[in-house]
Amino acid sequence: MQNLIFFIFFVSFQRRMRILGFCTFPDRMIYIIMGVSGSGKTSLGTFLSEKLGWPFYEGDNFHPQENIKKMACGEPLTDQDRFPWLLRLHEVIERERCSGSDALVACSALKRLYRQILLHGSTAVAPNICPHHISPSSPEVFFLYLHGDYDLIHQRMVARQGHYMKADLLRSQFDILEPPSDEENVLTLDIRRSLGEMVLEVEKHIESLKL
């Protein structure tokens, strides 16, 4: 009987800590692979999906057709263009969280506001909500920030074929980029490293969270 009472107390305590953002043992893990176009989000997501057996959601596939047409014409997206797209990805993240599944999501997530929408949905842009009252992180969601300099990524984009995102738009992404802070549950990965090295670092990160 005492063991049962302790178990119920522990589960209740763990749930409270998770809500408050203090839980260090997430039941599930969602990695949002972020960075400017050409930083290698799809390559890393595909590799991790095969290695970990987690589903991978490519953010580009969730863009409205209007956004794709704008980018194909070399026109940068505005916040208003991006909001519906980010809300679609928020729904994917919430669905995976509610199902108890681990998952990988690729999304540029350039601004802090964009990342808040991914985590909290429309609440993040509600007119009556103070941004300071919204948690900067979720205990089950982690950002993998693919960091690299403009010249390297531009070279990759010029060499890339078959993608609607034009290399000329890269500068506009760097102009609005707000690198995530530590409070946002971020692991920064240097894209100069090999894909295998970055995957190994992510695996070490997963293991560290289990300890």
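The name that an unreviewed UniProt entry assigns to the protein is Gluconokinase, with the source organism given as Characodon lateralis. Taken directly from UniProt, the Pathway (unreviewed entry) text for the protein runs: "Carbohydrate acid metabolism; D-gluconate degradation." Under the Catalytic activity (unreviewed entry) heading, UniProt states for the protein: "D-gluconate + ATP = 6-phospho-D-gluconate + ADP + H(+)".

S.K.: Pulling in residues and values, what's your account of the layout of surface pockets?
M.R.: Empty space left among the atoms is revealed by rolling a probe the size of a water molecule over them. Estimates place the volume of the largest pocket at around 470 Å³. Residue lining of the largest pocket: 29 residues in total, with Ser37, Gly38, Lys41, Asp60 and Arg160 positioned closest to the centre. Breaking the lining of the largest pocket down by element, the ones donating at least two residues are helix 2 (41-52), helix 4 (79-99), helix 6 (150-159) and helix 7 (170-176).

S.K.: Explain the side chain of Lys111 to me, and be specific about the residues and the numbers.
M.R.: Along the chain, Lys111 turns up in the loop between strand 3 (103-106) and helix 5 (112-120). Excluding its chain neighbours within four sequence positions, the residues that come into contact with Lys111 are Asp79, Ile176 and Glu178.

S.K.: Describe unusual backbone geometry, and please don't skip the residues or the numbers.
M.R.: Although it is not a glycine, Ala109 adopts a positive phi angle of roughly 45°. Mapping Ala109 onto the fold places it in the loop between strand 3 and helix 5. For Asn185, which is not a glycine, the phi torsion comes out positive at approximately 55°. Inspection of the secondary structure assignment puts Asn185 in the loop between helix 7 and strand 5 (186-190).

S.K.: So what about helix 2? Which residues, and what values?
M.R.: For helix 2, spanning twelve residues, the distance from its first C-alpha to its last is 16 Å, which sits close to the expected 16 Å at 1.5 Å a residue. Every buried residue belonging to helix 2 is among Lys41, Leu44, Gly45, Leu48 and Ser49, and all of these are buried. Take helix 2 and look down its axis: the buried residues cluster within an arc of 130°, on one side only. Where helix 2 terminates, the next one or two residues include Gly53, which has phi positive at roughly 75°.

S.K.: Explain the packing of helix 2 against helix 8 (residues 195-210) to me, and be specific about the residues and the numbers.
M.R.: At a closest axis distance of 10 Å, the pairing of helix 2 and helix 8 adopts a crossing angle of 55°. By the angle class used here, helix 2 and helix 8 are oblique. Helix-helix and strand crossings are classified by hand; for helix 2 and helix 8 the assignment is right-handed. Note on element contacts: helix 8 touches helix 2 through Leu195, Met198, Val199, Val202, Glu203 and Ile206, opposite Ser43, Leu44, Phe47, Leu48, Lys51 and Leu52.

S.K.: Can you lay out the pairing of strand 1 (residues 30-34) for me, pointing to particular residues and giving the numbers?
M.R.: Every other side chain in a regular strand lies on the same face of the sheet, so the side chains alternate between the two faces. In terms of residue burial, strand 1 counts as a mostly covered element, since five of its five residues are buried. In this sheet, strand 3 lies alongside strand 1 in parallel orientation, the contact comprising four bridges. Residue Ile30 lies in a different strand from strand 3, and its bridge partner there is Ala103. Bridge analysis of strand 1 against strand 4 (residues 141-147) gives five bridges, and the strand direction is parallel. Following the sheet pairing, Ile33 is matched in strand 4 by Leu144.

Analysis parameters
- Residues numbered from 1 in each chain as written.
- Predicted model: local features only at pLDDT ≥ 70, side-chain atom pairs only at ≥ 80, totals over all residues.
- Heavy atoms only, no water.
- UniProt positions renumbered as here; feature names shortened; annotations may be inferred.
- 1 Å grid on protein atoms, 1.4 Å probe; cavity = no way out; pocket = protein on both sides within 12 Å on 5 of 7 lines; lining within 4 Å.
- Points joined across faces, edges and corners; volume = space filled by probe spheres on them.
- Helix = DSSP H or I, 4+ residues; strand = E, 2+ residues; numbered from the N terminus.
- Contact = heavy atoms within 4.5 Å.
- Expected span 1.5 Å × (residues − 1).
- Buried < 20%, exposed > 50% of the residue type's maximum accessible area, 1.4 Å probe, protein only.
- Arc of directions from axis to C-beta.
- Axes fitted to C-alpha atoms, helices over the stretch in contact; angles between N-to-C directions.
- Parallel < 35°, antiparallel > 145°, perpendicular 65-115°, else oblique.
- Left-handed = near helix turned anticlockwise from the far one by under 90°.
- Pairing = 2+ DSSP bridges.

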